[in-house]
Amino acid sequence: MRYTYTNYMSYERIRQLRELLNYHNRKYYVDNSPEISDFEFDKLMRELIDLEAAHPEYADPASPTARVGSDITTEFATVHHRFPMLSLSNTYSIAELREFVERVEKEIGPTEFVCELKFDGTAISLTYENGRLVQAATRGDGENGDDVTANAKTIRAIPLTLTGNNYPPLFEIRGEILMPYASFDRLNAEREAAGEPLFANPRNAAAGTLKQQQSAIVAKRGLDCTLYQLAGNALPHQSQWENMQEARKWGFKISDKMRICHSFNEIEEYIAYWDTARKELPFPTDGVVIKVNRYADQRALGFTSKAPKWAVAYKFKAEQALTKLLSVDFQVGRTGAITPVANLEPVQLAGTTVKRATLHNAEQIAQLDIRLGDMVYVEKSGEIIPKITGVELARRPADSRAFAFVTTCPVCGTPLAQYEGEVKMYCPNQSHCRPQILGRIIHFIRRKAMNIDGLGAETVELLFESGLVNDIADLYDLHATDLASLPRLGDKSADNIIRSIAASREVPFNRVLFGLGIRFVGETTAKYLAAHFKNIDALMQASAAELMESDEVGAKIADSIIDYFADEGNRKIIARLRKAGLQFAMEQSELLSKVLAGKNIVVSGKFAEHSRDELKTLIEAHGGKNQSGVAANTDFIVAGENMGPAKLQKAQKLGVRIVSESEFMAIIATADNAGNTDDKPTASTDKTTTADAPVQGSLF
Ligand code: IVH
């Protein structure tokens, strides 16, 4: 294109408008101090939209016009988190919080804590390259999340370009996407008017909105975003507090409610204050997060397999409401478990309307002596569905009626059964009870299991109704033409589903095992079982005693596994899945990482957080080799308490490095941080865990 004066002027104006709009956007959404009216803002935006339309050659994905969103439907690509997004240990108890502070101070001495609000939304990780937003990803399972960049760009509190100049060339910043109460109320009012189902609470609404397939819808929903953690290799400071102050200067919305506390008492005061004051905040919070401030201290404290040991979330006690119990429904879950669900007179609770609550089981109903017509207390316990916690006996009406727990399945009529040692009632009709069949298929396709995209609960129902899918193995016999003939499914969605089913053949063994839906075999247990038995044949042949040799498996789980494989129907399904090409064995490449590849490691002594077997499993899972004795080729020893003196002597003689349990956990955490990709250098096992090691600022 020829460079003309007019073009140059247009470009100058585009540049100027972008700068202006970014500035005013920040003033409005981040600093809460607008300088121009909405009308003026919209006028500038309109001008920019028109100019960009006339000059596509100046398009820029980070332009403020990206915030308008688009009505193109997007599928979310899966992205691997460079630094895993761990969760936090939770507590509702001040005593436990005191123990946390004491434990920290015992290990590293008196130190600073940063107290922050725990925002009740959905976690987000934003990646900035050279000051521009390049990716926004949801937490997903902590290792992989959804790429929601187009949606995140519509959120005005998220800067598309940064201000200042001392941000690292590449970094991630993490925080929470929130739906302020005002947006939530407006959204639900609109949905009610349109006859659409309402969102249960602002957290669900935020999470649901972020996963909208049309960014133009997201743009209208009034989401907000507060950031609380930096991750990267060249962070400007070595503490949470300083980095957050710095990030504010780059244009991020960082809470001004965070405080540095020097003692347990100060932390307790912060909590006491916000437990009440939070009710005046315009957005939902559900607790306080307490973090050790300095990164060096964080590194010294390390991680457990799920959460950092340098932070804890104190959760506020749930608010209660009193309302009338109208009736009780009995729901059947995928394992056949029956859950009583209470229908309530609608009542306001923590900013939302509650109409239903769980009652757990017959024992609890009897214990609380809950009757129809009673005034009952409902509580929101961090979970989505509120629960009934008590009865106001003083207000029991004279005509209240006790109600009986069902004795037959409310769906298929089969008499209910109870397993030994369990309070729950179950419908034993696994193969013909509709909610169980559907539940198993829906569990199987979940992201954490086979991750079959495009198939939701509704489509599964359609497939079941049409007779195409009766069990999980039937999924692998589906053809695009079968699907396209279903109501509400076009060719494109049908193709996507088939592609996604095909891709699930590569899903690693541990997730296939989780997907089978064996009672009590959750995600973690499935990981341990897969690592221990290596393949399905070994697992199927294992006795209860052998099963219990695997970590996390006790008698209850062992029995459930044996029952599952004893069932002929289950064995047939596994045979068909195997024929369909699913992964029924662990492979080398399915290691959690290769950070310990080629390393010979000895585990010796007793450990505070893990059993020796757990550590050995972790070593193998990260590519290392377990050695029983110290030898010249030993790379390092993971030493606990009371390590054998002979081993110690030999190690000293050979100059073999000795690492503690927390150092070891930090090594593999670093591996997780670095990702599992082959092109990354494997972290050397020396240096990485010392306090001044050149790892990323914040060890997620
Ligand atoms: S820090 C490794 N700080 O709570 C620590 N999390 O229960 C990473 N959350 O997944 C989290 N407010 O979604 C942190 N001020 C805060 C938070 C916060 C809310 C959420 C976050 C996290 C979850 C953990």
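Anyway, here's the lowdown on the structure attached to this text. (Residues numbered from 1 in each chain as written. Predicted model: local features only at pLDDT ≥ 70, side-chain atom pairs only at ≥ 80, totals over all residues. Heavy atoms only, no water.)

Points about the packing of aromatic side chains
Per the counting criterion, the structure on display carries 18 aromatic pairs. A ring pair is formed by Phe444 and Tyr476, whose centres lie 6.3 Å apart and whose planes are at 85°; its orientation type is edge-to-face. With Phe444 in helix 12 (residues 434-445) and Tyr476 in the loop between helix 13 (457-465) and helix 14 (480-484), this residue pair connects regions lying 32 residues apart in the sequence. The same class applies to Phe444 as to Tyr476, namely buried. (Phe/Tyr/Trp six-rings, centres within 6.5 Å; stacked < 30°, edge-to-face > 60°. Helix = DSSP H or I, 4+ residues; strand = E, 2+ residues; numbered from the N terminus. Buried < 20%, exposed > 50% of the residue type's maximum accessible area, 1.4 Å probe, protein only.)

Description of the site of the ligand
Around the ligand sit 13 residues, and of these Glu116, Phe119, Glu176, Tyr228 and Lys291 come closest. At a separation of 3.0 Å, a nitrogen atom of the ligand approaches a polar backbone atom of Leu117. Notes on the ligand: free accessible area 530 Å², of which the protein chains cover 92%. Elements with a contribution of two residues or more to the shell around the ligand: strand 3 (113-119), strand 8 (224-232) and strand 10 (285-292). Among the elements that line the shell around the ligand, the one with the most residues is strand 3, at four residues. (Near = heavy atom within 4 Å. Polar contact = N/O pair within 3.5 Å; in protein donor to acceptor, adjacent residues only side chain to side chain. Areas by Shrake-Rupley, 256 points an atom, 1.4 Å probe, with all protein chains shown as cover.)

Some remarks on helix 5 (residues 181-193)
Between its first and last C-alpha atoms helix 5 spans 18 Å; for 13 residues at 1.5 Å apiece the expected length is 18 Å, and the two agree. Those residues of helix 5 that fall on the buried side of the exposure criterion are Ser183, Phe184, Leu187, Asn188 and Arg191. For helix 5, the angular spread of buried residues about the axis comes to 125°, placing them on one side. Residues of helix 5 that are exposed and angled more than 90 degrees away from the buried face: Ala182, Glu192 and Ala193. The inward-facing, buried residues of helix 5 contact helix 6 (202-210) and strand 14 (352-358). (Expected span 1.5 Å × (residues − 1). Arc of directions from axis to C-beta. Contact = heavy atoms within 4.5 Å.)

A word on empty space enclosed by the protein
In total, this model carries one cavity of 30 Å³ or more according to the counting rule given. Within this model, the largest cavity holds a volume of roughly 40 Å³. What lines the largest cavity is simply Val79, His80, His81, Arg82, Ser125, Thr127, Gln135, Ala137 and Glu172. Only strand 1 (78-80), strand 4 (122-129) and strand 5 (132-138) provide two or more residues apiece to the lining of the largest cavity. Residue composition of the lining of the largest cavity, by class: two nonpolar, five polar and two charged. (1 Å grid on protein atoms, 1.4 Å probe; cavity = no way out; pocket = protein on both sides within 12 Å on 5 of 7 lines; lining within 4 Å. Points joined across faces, edges and corners; volume = space filled by probe spheres on them. Nonpolar A, V, L, I, M, F, W, Y, C, P; charged D, E, K, R; others polar.)

Thoughts on the side chain of Lys153
The topology assignment puts Lys153 in helix 4 (residues 149-153). Among residues more than four places away in sequence, those in contact with Lys153 are Pro61, Ala66, Arg67, Leu133 and Leu160.

A closer look at the packing of helix 3 (residues 94-108) against helix 9 (residues 264-277)
Remark: helix 3 packs on helix 9, axes separated minimally by 10 Å, with the N-to-C direction vectors making an angle of 140°. At the point where helix 3 passes helix 9, the crossing takes the right-handed sense. Across from Ile94, Leu97, Arg98 and Val101 in helix 3, the residues of helix 9 making contact are Phe264, Ile267, Glu268 and Ile271. Its residues placed into classes, the contact of helix 3 with helix 9 shows six nonpolar, no polar and two charged. (Axes fitted to C-alpha atoms, helices over the stretch in contact; angles between N-to-C directions. Left-handed = near helix turned anticlockwise from the far one by under 90°.)

With respect to the sheet that holds strand 2 (residues 90-91)
Adjacent strands of a sheet pair through backbone hydrogen bonds, lying either parallel or antiparallel. One open sheet accounts for five strands, arranged 2-11-10-3-9; its pairing is mixed. The open sheet is flanked by strand 2 and strand 9 (259-261), the only strands paired with a single partner. Pairing between strand 3 and strand 10: seven bridges, direction antiparallel. Within the sheet, the bridge partner assigned to Phe119 lies in strand 10 and is Thr285. Its contacts with the sheet place helix 3 against strand 2, strand 3, strand 10 and strand 11 (311-315), and it is angled at close to 165° to strand 11. (Pairing = 2+ DSSP bridges.)

Looking at the pattern of salt bridges
For the coordinates displayed, the defined rule picks out 37 salt bridges. Where Arg46 meets Asp50, a salt bridge forms, and the shortest distance between an N and an O atom there is 3.4 Å. With Arg46 and Asp50 both in helix 2 (residues 38-54) and four residues apart, this pair spans about one turn of that helix. Residues Asp374 and Arg396 are paired through a salt bridge, measuring 2.8 Å at the closest nitrogen-oxygen approach. Residue Asp374 is found in the loop between strand 15 (371-372) and strand 16 (375-379), and its partner Arg396 is found in the loop between strand 17 (387-391) and strand 18 (401-402); the two are separated by 22 residues along the sequence. Summarising the burial analysis for this pair, Asp374 and Arg396 share the class buried. Here the salt bridges share partners, and the residues they tie into one network are Arg18, Glu52, Asp60 and Arg132. (Salt bridge = Lys/Arg side-chain N within 4 Å of Asp/Glu carboxyl O.)

Description of the pairing of strand 16
Remember that side chains alternate between the two faces of the sheet whenever the strand is regular. Taken across its five residues, strand 16 has four buried, putting it largely inside the fold. As paired strands, strand 12 (residues 320-332) and strand 16 are joined by five bridges and run antiparallel to one another. Considered in strand 16, the bridge of Lys324 is made with Met375. When strand 16 meets strand 17, the two strands line up antiparallel, connected through four bridges. In the strand pairing of strand 17, Val376 is matched with Val391.

Regarding the pairing of strand 11
Among the five residues of strand 11, five are classified as buried, and the element is accordingly described as predominantly covered. Residues Ala311, Ala313 and Lys315 of strand 11 are buried on one face, and the alternating residues Val312 and Tyr314, pointing to the opposite face, are buried as well. Where strand 2 lies against strand 11, two bridges are found, and the strand directions are parallel. Across the sheet, the residue bridging to Thr91 is Tyr314, located in strand 11. Relative to strand 11, strand 10 is paired through five bridges, and the arrangement is antiparallel. Directly across from Val288, in strand 11, lies its bridge partner Tyr314.

Here's the deal with the side chain of Arg396
Polar contacts involving the side chain of Arg396 include one to the side chain of Asp374, which spans 2.8 Å. Apart from residues no more than four positions distant in its own chain, Arg396 is found in contact with Asp369, Arg371, Asp374 and Val391.

Observations concerning the environment of Ala473
By the element assignment, Ala473 lies in the loop between helix 13 and helix 14. Its relative accessible area of 4% is what places Ala473 among the buried residues. Here the alpha-carbon distance between Ala473 and Ile573, two residues 100 residues apart in the chain, equals 5.9 Å. Setting aside residues no more than four positions away along its own chain, Ala473 makes contact with Ile573, Arg576 and Leu577.

Focus: helix 9
In this model helix 9 runs 20 Å from its N-terminal to its C-terminal C-alpha over 14 residues, within 8% of the 20 Å that 1.5 Å per residue would give. Taken together, the buried positions of helix 9 are occupied by Phe264, Ile267, Tyr270, Ile271, Trp274 and Ala277. Projection of helix 9 onto a plane perpendicular to its axis shows the buried side chains occupying an angular sector of 165°, all on one side. Residues of helix 9 that are exposed and angled more than 90 degrees away from the buried face: Glu269, Tyr273 and Thr276. Of the surrounding elements, those touching the buried residues of helix 9 are helix 3, strand 3, strand 9, strand 10 and strand 11.

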